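Results of the structural survey
Given next are the chains, with one letter for each unit.
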Amino acid sequence: MTNWTEIHEHVQHWIREAGQRIKQSFSTTLHVQSKSNRNDLVTNIDRETEQYFIQRIRDTYPTHTILGEEGFGDDVNSLDGIVWIIDPIDGTMNFVHQQRNFAISIGIYEDGKGKLGYIYDVVHEELYWAQSGKGAFLNDQPLPPLEEGHVEDAVIALNATWVKPNKRIDHQLLIPLVQDVRGTRSYGSAAIEMAYVAAGRLDAYITMRLSPWDFAAGKIIVEELGGKMTKLNGEPLNLLEKSSVFVSKPGLHEKILTKYLHALK
Ligand code: 2AM
Ligand code: CA
């Protein structure tokens, strides 16, 4: 039997230690490189943080599989067994430019089912986490279940990119939604935006292209609180594929899908 409580104790400890190391790096010189395009950044700290986790997981749980954004883990093409999905720094552009609003994101799945999810806002020392079936927490405080949301009261997270002509979505679809909600926000870290939906600070978050490590942890935390996380057309997310992501309070998810996004079905 897998001892999930023991895994949780380890992860909490590792995440806070990795967070301390990241904070110490603020006083050192960062080595910043581009990946797929000049705005897709990676630093030596992203790589070192991923290696820090992988070393500890391999030493403690040698039978587990690891999918990491920076590629130091395994070549994962199945969710069989226990799979850790890791983004060492989600929001690297924020990390480089602002030294805030970035997070460590770790989702742990067993045979494709979410078990433990962690999003750590390093600068604020806020750990959002959930154990499937046992509740979700912000540090030691339980988070209350999410209540039904309404479009006219909603504050939604959305990058301005998706409300101008772009290659991923007909931006005209999103304009009425932006007009009808109470407000929009953009934090530049998918994990933090999902943590904010979990904590009730945001009502929804829409984005067009995330990788599994950007949403693996958030999915476990948001769903534990009764929130919904799907592709933008309402289909289930695939943990092995890039996709659009629509995260929302219950009720609001169905309302937005029906009224604004039905053309995507
Ligand atoms: P990252 O910092 O881990 O790459 C920025 O809007 C958010 O989208 C961040 O959470 C960022 O994660 C994520 N993202 C995923 N793919 C991206 C890409 N190709 N370029 C920029 N951000 C990306
Ligand atoms: Ca990252």
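As the structure is a prediction and not an experimental result, all values here were calculated from the model.

Concerning the coordination of the calcium ion (ligand 2)
The calcium ion (ligand 2) binds to the protein through Glu69 (OE), Asp87 (OD), Asp87 (OD) and Ile89 (O); the donor distances cover 2.1 to 3.0 Å. Along the chain, the residues donating to the calcium ion (ligand 2) are arranged with the sequence spacing E-x17-D-x1-I. The class for Asp87 is buried, based on a relative accessible area of 1%.

A look at the pattern of salt bridges
Between side chains of opposite charge, a pair can form when the charged atoms approach closely. Applying the stated criterion across every chain, the model contains twelve salt bridges. The salt bridge partner of Lys23 is Glu125, with a shortest N-O separation of 2.4 Å. Highlighted residues: Lys23 in helix α1 (residues 4-24) and Glu125 in the loop between β6 (113-121) and β7 (126-131), separated in sequence by 102 residues. A salt bridge links Arg58 to Asp74; its shortest N-O distance comes to 3.4 Å. In this pair, Arg58 sits in helix α2 (residues 44-60) while Asp74 sits in the loop between β3 (65-68) and β4 (82-90), placing the two residues 16 residues apart along the sequence. Taken together, the shared-partner salt bridges connect Lys35, Glu69 and Glu70 into one network.

Considerations on the domain arrangement of the chain
Looking at the chain, the domain boundaries give domain 1 (4-142) and domain 2 (151-264). One C-alpha centre belongs to domain 1, the other to domain 2; they are set 21 Å apart. Counting from both sides, the interface comprises 39 residues of domain 1 and, opposite them, 24 residues of domain 2. Summing both partners gives a buried area of about 2200 Å² for domain 1 against domain 2, and 67% of it is carried by carbon and sulfur. On the domain 1 side of the contact with domain 2, Tyr109, Ile119 and Tyr128 bury the most area, a combined 24% of that side's loss.

Quick word on the site of ligand 1
Taken together, 13 residues are adjacent to ligand 1, and Asp87, Asp90, Gly91, Thr92 and Ala190 come closest. At 2.9 Å from an oxygen atom of ligand 1 is found a main-chain nitrogen or oxygen belonging to Thr92. Contact with the protein chains removes 74% of the 480 Å² of surface that ligand 1 exposes when unbound. Spatially, ligand 1 is embedded in the largest pocket. For the shell around ligand 1, the secondary-structure elements that each account for two or more residues are β4 and β12 (204-210).

A short note on the layout of surface pockets
Here the largest pocket defines a volume of roughly 1300 Å³. When residues of the lining of the largest pocket are traced back to their parent elements, those giving at least two are β4, α3 (92-97), α5 (190-198), β12 and α6 (212-224). Looking at which element gives the most residues to the lining of the largest pocket, the answer is β12, with five residues. Across the lining of the largest pocket, the residue classes break down as ten nonpolar, 14 polar and 13 charged.

Here is what the cut-offs are and how they apply
Residues numbered from 1 in each chain as written. Chains lettered and ligands numbered in written order. Predicted model: local features only at pLDDT ≥ 70, side-chain atom pairs only at ≥ 80, totals over all residues. Heavy atoms only, no water. Donors = N, O, S within 2.8 Å, 3.2 Å for Na, K, Ca; no water. Buried < 20%, exposed > 50% of the residue type's maximum accessible area, 1.4 Å probe, protein only. Salt bridge = Lys/Arg side-chain N within 4 Å of Asp/Glu carboxyl O. Helix = DSSP H or I, 4+ residues; strand = E, 2+ residues; numbered from the N terminus. Domains from an automatic or database assignment. Contact = heavy atoms within 4.5 Å. Buried area = accessible area lost by both parts, 1.4 Å probe. Near = heavy atom within 4 Å. Polar contact = N/O pair within 3.5 Å; in protein donor to acceptor, adjacent residues only side chain to side chain. Areas by Shrake-Rupley, 256 points an atom, 1.4 Å probe, with all protein chains shown as cover. 1 Å grid on protein atoms, 1.4 Å probe; cavity = no way out; pocket = protein on both sides within 12 Å on 5 of 7 lines; lining within 4 Å. Sits in = over half its atoms within 2 Å of the grid points. Points joined across faces, edges and corners; volume = space filled by probe spheres on them. Nonpolar A, V, L, I, M, F, W, Y, C, P; charged D, E, K, R; others polar.

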